[in-house]
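Letter by letter, the chains look like this.
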Amino acid sequence: MARLVGRRTLFAVPVLLVVTFGVFAIAAASPFDPVKAYAGTAALGADQETLDRLRANLGADQPFAQRWWDWLTAAVTGDLGQSSVLRQPVAQVVGERLVWSALLCAVAFTVAVLLGTLLGVLAARRPGSWLDRAVTSLAYTLEAAPVFWIALLAIWLFALQLDVLPAGGLTDTASEQVTPSQLTSHILLPAGVLAVSQLPWFTLYVRQGVGDALAEDPVRGARARGLSERTVLLGHALRSGMLPVLTLIGSRVPELITGALLVESVFSWPGIAAATVEAATAVDFPLLAALTTLATAAVLVGNLLADLLYGLFDPRVKLSEM
């Protein structure tokens, strides 16, 4: 295991270097002017000399390769730079918002895996039954539905029509502190929507995996020995059928991050979505690089986690050979 983690860590270094360099290159080629974005409406009445001086102060007058190298050498020492659009250190911007984004993604991902496993097992028990057709039809429908459309529909139903859940935010309007009760009520809708957007893939993978396992000889042999259907399903078919789902965990991380950004925007969740949008539109190089590096690292960690889980649960796979 340590060998696999070490090898993946070494592989991640050049990947992160290429990704951050690409961010600076793309941002430099964009039509947005970071100086005008930083100055706001004050840039409309400013003369060219003032704008040039501000451009030099922000370091926007240097080639993008130089800006990337300056940011990279400072980031190695822990200094992620200063966000020009939010007027805060990048580390502070990320730190304040990352915990809420991580909480949202963790809750949604857990619900999607558990509920998807349950629905997939129920559908696989009796292939072709009305329950199987209902579950698969629902999964394919949700798979085609955009996450922002599901979010708007959830707000319309649960917040506007039924008035049982808040439409957005982290706390009530008049509240100045985040309490557990308020956090629970406010996270239900965004986490539920994000979980629903990830649910179809886990449901379909579990259904296919468990269905194939039920048709294999070891499971038939277990039934022939007189084992109960519950033991056959949970002790044999589910364990074998869940192996493909482990590989799905890593591949769903990019979609989870993208979906989280959309969900946070719709529900005004205080995560990294707003910072990402502002950094992109204002060409905030340090913040863009930090957020992109964070997202890339999350994808790499997700892939590593999927491989580790596969090696731990599948006796045919040896971590030392991966």
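Residues numbered from 1 in each chain as written. Predicted model: local features only at pLDDT ≥ 70, side-chain atom pairs only at ≥ 80, totals over all residues. Heavy atoms only, no water.

## Observations concerning helix α4 (residues 64–76)
No. 1: Between the first and last C-alpha of α4 there are 18 Å, a value that for 13 residues agrees with the 18 Å anticipated at 1.5 Å per step.
No. 2: Among all positions of α4, only R67, W68, W71, L72 and A75 are buried. Projected onto a plane normal to the axis of α4, the buried residues spread over an arc of 130 degrees and lie on a single side. (Helix = DSSP H or I, 4+ residues; strand = E, 2+ residues; numbered from the N terminus. Expected span 1.5 Å × (residues − 1). Buried < 20%, exposed > 50% of the residue type's maximum accessible area, 1.4 Å probe, protein only. Arc of directions from axis to C-beta.)

## Description of the nonpolar core
No. 1: The biggest cluster of nonpolar side chains holds 42 residues, and the ones touching the most others in it are L104, V193, L194, V210, V263 and F267.
No. 2: For this core, the secondary-structure elements that each account for two or more residues are α5 (90–125), α7 (147–161), α8 (180–214), α10 (229–241) and α11 (243–267).
No. 3: With 12 residues, the top contributor of residues to this core is α8.
No. 4: Excluding residues that lie within four positions of it along the chain, V193 makes contacts with V147, I150, A151, A154, V263 and F267.
No. 5: The next biggest cluster of nonpolar side chains, apart from the first, holds 21 residues, and it includes V23, W68, I272 and L287. (Core = buried A, V, L, I, M, F, W, Y, C linked by side-chain atoms within 4.5 Å. Contact = heavy atoms within 4.5 Å.)

## Points about the pattern of salt bridges
Two side chains with opposite charge may pair up if their charged atoms get near one another.
No. 1: Taken as a whole, this structure holds 2 salt bridges when the rule is applied.
No. 2: In this structure, D132 and R207 form a salt bridge, with 2.6 Å as the shortest nitrogen-oxygen distance. Taken together, the residues D132 in helix α6 (residues 130–144) and R207 in helix α8 connect sequence positions 75 residues apart.
No. 3: Judged by relative accessible area, R207 falls into the partly exposed class, the value being 25%. (Salt bridge = Lys/Arg side-chain N within 4 Å of Asp/Glu carboxyl O.)

## With respect to the packing of aromatic side chains
No. 1: What the rule picks out here adds up to 3 aromatic pairs.
No. 2: Judged by centre distance (5.1 Å) and plane angle (85 degrees), the rings of F21 and W68 are edge-to-face. One end of the pair, F21, is in helix α1 (residues 2–29); the other, W68, is in helix α4, and 47 residues separate them in sequence.
No. 3: Judged by its relative accessible area of 14%, W68 falls in the buried class.
No. 4: An aromatic cluster of three or more residues is present, and its members are F21, W68 and W69. (Phe/Tyr/Trp six-rings, centres within 6.5 Å; stacked < 30°, edge-to-face > 60°.)

## Observations concerning the side chain of T293
No. 1: Tracing the backbone shows T293 in helix α13 (residues 285–313).
No. 2: Setting aside chain neighbours within four positions, we find T293 in contact with L16, T20 and W71.

## Focus: unusual backbone geometry
No. 1: With a phi angle near 55 degrees, D163 is a residue other than glycine that sits in the positive phi range.
No. 2: Mapped onto the fold, D163 is located in the loop between α7 and α8.
No. 3: On the basis of relative accessible area, D163 is assigned to the exposed category, the value being 60%.
No. 4: In this model, S268 sits at a positive phi of 55 degrees, which is unusual for a non-glycine residue.
No. 5: Of note, S268 is situated in the loop between α11 and α12 (273–281).

## Comments concerning the packing of α6 against α8
No. 1: α8 packs onto α6 with a crossing angle of 140 degrees between their chain directions and a minimal axis gap of 8 Å. With respect to their mutual orientation, α6 and α8 come out oblique. Both α6 and α8 take part in a crossing whose hand is left-handed. Taken together, the residues of α8 that come into contact with α6 (itself represented by D132, V135, T136, A139, Y140, L142 and E143) are V196, L199, P200, W201, T203, L204 and R207.
No. 2: Tallied by class, residues from the contact of α6 with α8 come to 9 nonpolar, 2 polar and 3 charged. (Axes fitted to C-alpha atoms, helices over the stretch in contact; angles between N-to-C directions. Parallel < 35°, antiparallel > 145°, perpendicular 65-115°, else oblique. Left-handed = near helix turned anticlockwise from the far one by under 90°. Nonpolar A, V, L, I, M, F, W, Y, C, P; charged D, E, K, R; others polar.)

## Here we look at α7
No. 1: Along its 15 residues, α7 runs 20 Å from first to last C-alpha, staying within 8% of the 21 Å computed at 1.5 Å per residue.
No. 2: Taken residue by residue, α7 has V147, I150, A151, A154, I155 and A159 as its buried positions.
No. 3: The elements touched by buried residues of α7 are α8 and α11.

## Overview of a nonpolar patch on the surface
No. 1: There is a patch of nonpolar side chains on the surface, built from F148, W149, L152, L153, W156, L157, F158, L160, L162, V164 and L262 and spanning about 1,100 Å² of accessible area.
No. 2: Among the elements that take part in the nonpolar patch, α7 stands out by supplying 8 residues, more than any other.
No. 3: Mapped onto the elements of the fold, L160 is located in helix α7.
No. 4: Of the residues examined, L160 reaches a relative accessible area of 58% and is grouped as exposed. (Patch = residues over 30% accessible without salt bridge, like charges linked within 9 Å, V, L, I, M, F, W, Y side chains within 5 Å. Areas by Shrake-Rupley, 256 points an atom, 1.4 Å probe, with all protein chains shown as cover.)

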